[in-house]
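# Working through the structure, step by step
Each chain is listed here by its residues.
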Amino acid sequence: MDYDNLLNMGTELGYQLMYSGAEIYRVEESVHRLLTAYGLQPQVFAIPNCLIVSLTTPEGHPITRMRRIPPHGTDIELLERCNGLCRRLCADPLPIEQAKALIDRLEQEKRAYPNWVYLAGYVVGAGFFAAFFGGGPLDAVSAGICGLAVGIWLMYIGAPLGFNGFFRTLIGAAIASLLAMGLVNVGVGQQLESITIGTLMVLVPGMALTNAMREIMAGDIISGMSRTADAILTATAISLGVVISLAIGM
Amino acid sequence: MEIILSFLPPCLWAFVACVAFGLVFNIWGGGILICGFGGALGWFVYLLAQHLLTDDIVAAFLAAVAIAVYSEIMSRIRRCPVTGYLQVALLPLVPGAGIYYSMRYCVAGETQLFLNTLLHTFGFAASLAVGAMLASTVMRALLPWINRWRVMCLGAGTPSAKEKE
């Protein structure tokens, strides 16, 4: 058996899982199960931006691979496909070449919505969260406009220009807050607070904080801590953005 | 009764908002409606518990339990990982506003308000996490038993849950 290729395959699947936003324990367990299905006893260690897989061949030769995970979002479609493939390979270990080809095709074959659907998601999400936080119909419309602006900034301007996460969030929050103030001044929106919070739901790290707590409860303390720090940093970026735009608005 | 009716509009907004965020997270097909119903269910339980118990941390715990039980069942039926359903359905509950306000107090120099809000936010997030983890663990322990019972009563279970094990 070609253990180098097997290790590459396991690491690649773990990378795809991690990249689609899976929890740490799911990544570790999936890679472990996959390599165990091929008759090995692997060691897997993952933290939010790094994955290490190590195994010992039957001849006693240890091999290790480390893979760094770049910043990523959440992609449930990719996650479901990875999970399905992993379960399939565990039940029926295909020859390594075939399995490797299947894993390499995961990313190309997954379905993705066209960009306007994502933008519509931002608009509708922001609008209805504004209504959810106590805004009226006009507030929901204003929040939808702000959500559209944030979505365009995140997808078309911030990411291609290569801004890092902190500044992308900061400027996104500033845009949302300035636009909300403008719309309230013009008289379209009534409650500044619910418009701002509804729009910022796109950026706000409540999900990150809850996931961090879940990692800590699951026993992955290092991952949980680094995610908590990340959530606090994101929240700082948002509040700085809002404060800057308040200063400009005055 | 009137109180329960007054809960319905926010639940409806939560449903639509969760469906929209399901699109942003690239969820396809029926899964997106499952997320929406999960969000509405969680918010309904939260409002009801808050009305009866007047403590929002306990209410968040109960809502997280309801969402986790619902998501585990749905993930067994659809044979998909529970992550997506759980994350999107928890969205209306996650303390985004809390963490935002606490950092705003921090930037404004209001240390006391900052600490109060931050600790409350951490408590809220922790109770959501404990609720979700607890319900998932219990469900995972119980599902084989439920399956066995269903096979005994109905003669044959649906293949979905059986193949999962």
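The following refers to the structure shown. (Residues numbered from 1 in each chain as written. Chains lettered and ligands numbered in written order. Predicted model: local features only at pLDDT ≥ 70, side-chain atom pairs only at ≥ 80, totals over all residues. Heavy atoms only, no water.)

## Description of the overall build of chain B
Helices and strands together make up the secondary structure of chain B, namely seven helices and zero strands. The helix and strand sequence of chain B, counted from the amino end, reads α-α-α-α-α-α-α. Dimensions of chain B, computed from the C-alpha atoms along their principal axes, are close to 65 × 35 × 30 Å. A separation of at least 24 residues holds for 63% of the contacts in chain B among residues at least 6 apart in sequence. For chain B, the exposed surface amounts to about 7,600 Å²; the carbon and sulfur share of it is 73%. Charged side chains in chain B number 9 positive and 7 negative. The centres of these two groups are separated by 17 Å. (Helix = DSSP H or I, 4+ residues; strand = E, 2+ residues; numbered from the N terminus. Contact = heavy atoms within 4.5 Å. Areas by Shrake-Rupley, 256 points an atom, 1.4 Å probe, with all protein chains shown as cover. Lys, Arg positive; Asp, Glu negative; His and termini not counted. Charge placed at Lys NZ, Arg CZ, Asp CG, Glu CD.)

## Observations regarding the state of the cysteines
As enumerated under the stated definition, the model contains zero disulfides over all chains in all. Unpaired in terms of disulfides, A:Cys50 finds its nearest cysteine sulfur in A:Cys82, a separation of 18 Å. (Disulfide = S-S within 2.5 Å.)

## Considering the pattern of salt bridges
Residues and elements named next belong to chain A. Across all of its chains, the model carries 12 salt bridges over all chains by this definition. Arg214 is paired through a salt bridge with Glu23; the nearest N and O atoms lie 3.1 Å apart. Here Glu23 lies in the loop between helix 1 (3-19) and helix 2 (24-37) and Arg214 lies in helix 9 (residues 206-217), a separation of 191 residues in the sequence. Of the residues examined, Glu23 reaches a relative accessible area of 7% and is grouped as buried. With a closest N to O distance of 3.2 Å, Arg227 and Glu215 form a salt bridge. (Salt bridge = Lys/Arg side-chain N within 4 Å of Asp/Glu carboxyl O. Buried < 20%, exposed > 50% of the residue type's maximum accessible area, 1.4 Å probe, protein only.)

## Some points on the environment of A:Arg68
Residue and element names in this part refer to chain A. With respect to the element layout, Arg68 can be found in strand 3 (residues 62-68). A relative accessible area of 57% means that Arg68 is categorised as exposed. Setting aside its immediate chain neighbours within four residues, Arg68 contacts Tyr15, Asn49 and Cys50.

## Things to note about the interface of chain A and chain B
Across the contact, 54 residues belong to chain A and 47 residues belong to chain B. Of the roughly 4,800 Å² buried at the junction of chain A and chain B (both faces included), carbon and sulfur atoms supply 75%. It is A:Tyr113, A:Phe132 and A:Met207 that lose the most area in chain A upon contact with chain B, and together they represent 14% of the buried surface on that side. Inspection of the chain A/chain B interface yields zero salt bridges. At the boundary of chain A with chain B, the tally comes to eight residue pairs in polar contact (both at pLDDT 80 or more). No other element matches the 11 residues that helix 10 (residues 221-249) of chain A contributes to the side of chain A that touches chain B. A per-class count over the side of chain A that touches chain B returns 32 nonpolar, 12 polar and 10 charged. (Buried area = accessible area lost by both parts, 1.4 Å probe. Polar contact = N/O pair within 3.5 Å; in protein donor to acceptor, adjacent residues only side chain to side chain. Nonpolar A, V, L, I, M, F, W, Y, C, P; charged D, E, K, R; others polar.)

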